[in-house]
Amino acid sequence: MRIILLGAPGAGKGTQADSIKSKYPIAHISTGDILRANVKAGTALGKDAKAYMDAGKLVPDDVIVGMMESRLAEADCKEGFMLDGFPRTIAQAEALDKMLTAHGIKLDAVVSLEIDDDTVVSRLTSRRVCKQCGEIYNTVLKPTAKEGVCDKCGGEVVQRDDDRESVIRNRLAVFHTQTAPLIEYYTQKGLLIAVDATGGKDAVLRILEKN
Ligand code: AMP
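Conventions we followed
- Residues numbered from 1 in each chain as written.
- Predicted model: local features only at pLDDT ≥ 70, side-chain atom pairs only at ≥ 80, totals over all residues.
- Heavy atoms only, no water.
- Pairing = 2+ DSSP bridges.
- Helix = DSSP H or I, 4+ residues; strand = E, 2+ residues; numbered from the N terminus.
- Axes fitted to C-alpha atoms, helices over the stretch in contact; angles between N-to-C directions.
- Contact = heavy atoms within 4.5 Å.
- Near = heavy atom within 4 Å.
- Polar contact = N/O pair within 3.5 Å; in protein donor to acceptor, adjacent residues only side chain to side chain.
- Areas by Shrake-Rupley, 256 points an atom, 1.4 Å probe, with all protein chains shown as cover.
- Nonpolar A, V, L, I, M, F, W, Y, C, P; charged D, E, K, R; others polar.
- Buried < 20%, exposed > 50% of the residue type's maximum accessible area, 1.4 Å probe, protein only.
- Arc of directions from axis to C-beta.
- Phe/Tyr/Trp six-rings, centres within 6.5 Å; stacked < 30°, edge-to-face > 60°.
- Lys NZ or Arg CZ within 6 Å of the ring centre and 35° of its normal.
- Salt bridge = Lys/Arg side-chain N within 4 Å of Asp/Glu carboxyl O.
- pLDDT = per-residue confidence, 0-100.

## Regarding the sheet that holds strand β3 (residues 81–84)
With parallel pairing, five strands are arranged side by side in an open sheet as β2-β3-β1-β4-β8. In this open sheet, the two strands that pair with only one neighbour each are β2 (27–30) and β8 (192–196). With strand direction ignored, the average angle separating the axes of adjacent strands in the sheet is 20 degrees. In the packing of helix α9 (residues 203–210) onto the sheet, the strands contacted are β1 (2–7), β4 (109–114) and β8, and the crossing angle to β8 comes to about 140 degrees.

## Description of the pairing of strand β5 (residues 127–130)
Where β5 and strand β6 (residues 136–138) come together, three bridges link them in antiparallel fashion. Bridging from a neighbouring strand, Val129 pairs with Ile136 of β6. A loop of five residues connects β5 with β6, the two strands running antiparallel in sequence, and Gly134 in this loop sits at a positive phi of about 85 degrees. Sheet topology places β5 next to strand β7 (residues 157–158); two bridges connect them, and they run antiparallel. Opposite Cys130, over in β7, you have Val157 as the bridge partner.

## Here we look at the site of the ligand
Within the structure, the ligand sits among 16 residues, and Thr31, Arg36, Lys57, Gly85 and Gln92 are positioned closest to it. One of the side-chain nitrogen or oxygen atoms of Thr31 is found 2.8 Å away from a nitrogen atom of the ligand. When the ligand is considered free in solution it has 480 Å² of accessible area, and contact with the protein chains removes 95% of it. The residue makeup of the shell around the ligand, split by class, is six nonpolar, four polar and six charged.

## Observations regarding helix α6 (residues 117–125)
Among the residues making up α6, those that are buried are Val120, Val121 and Leu124. Down the axis of α6, the buried side of the element spans an arc of 100 degrees, and every buried residue falls inside it. In this structure, the buried residues of α6 make contact with β5 and α7 (165–179). Between the side-chain oxygen of the N-cap and the backbone nitrogen of Asp118 there are 3.2 Å, and the N-cap of α6 in question is Asp116.

## Brief notes about the packing of aromatic side chains
Centre distance and the angle of the planes are the two values used to describe a pair of aromatic rings. The tally for this structure, following the rule as stated, stands at one aromatic pair. Ring centres of Tyr185 and Tyr186 lie 5.0 Å apart, and the angle between their planes is 90 degrees; this geometry places the pair in the edge-to-face category. Taken individually, Tyr185 and Tyr186 each receive the classification buried, so the pair is uniform in this respect. Geometry around Tyr137 places Lys142 over its ring, the cationic atom sitting 5.1 Å from the centre.

## Topic: the pattern of salt bridges
Under the definition given, this model contains 16 salt bridges. One salt bridge connects Arg71 with Glu74, and the closest N-O pair in it is separated by 3.3 Å. Judged by its relative accessible area of 15%, Arg71 falls in the buried class. Residues participating in the shared-partner salt-bridge network are Arg71, Glu74 and Asp76.

## Remarks on the confidence of the model for the protein chain
Close inspection of predicted coordinates is inappropriate for parts of the model with low pLDDT. Mean pLDDT for the protein chain: 94, with 100% of residues reaching 70 or above. Per-element confidence in the protein chain ranges from a low mean pLDDT of 89 for α9 to a high of 98 for helix α8 (residues 181–188).

Pasting the structure below:
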């Protein structure tokens, strides 16, 4: 299975990906996670990307496309993959089409997680993440037992730099202008499946199982 998870920041792409992985053991490729790992490791890619990420802007297409060309060539993608956070622009989608054609493979579906902006803002401003193991918390829905300390590994639990409200509003504006056109792009190709992003953590899995 080869799918794309499309949706605004905070729509729950990562949560849906975890649920899908529990049933379909395919590679989960999150461009945001790859970029954050590079920032943490201080690589040249991470240094280039950090300023864009902190401002809620998109990292330039050529950087992302190069990164994804290498990632999709890795062995774990042979049996399938789900892309989380890529493509985010029409140029990235066109580059992905070329990569897939070159490998003689096709996408099965593009899942669009639909959510309104105010729900995103309230979700993301309350999101917290463990710096050490990446576990996700929510100050309202899933707080840590001890404030600021990860229940799983004892690491420090913090707010992501790009989860502050001003940055979230920027990221939403970027989504509406640069990423939302992909909904039409993939509708034209007959690949789009729209899913209500407030439908719970297995919303996408349920739909994939029906198709
Ligand atoms: P995410 O975790 O998917 O919300 O991504 C966090 C940040 O990484 C975004 O706000 C962008 O700055 C950057 N990023 C992730 N994926 C992409 C992409 N496909 N194109 C450009 N920038 C990206």
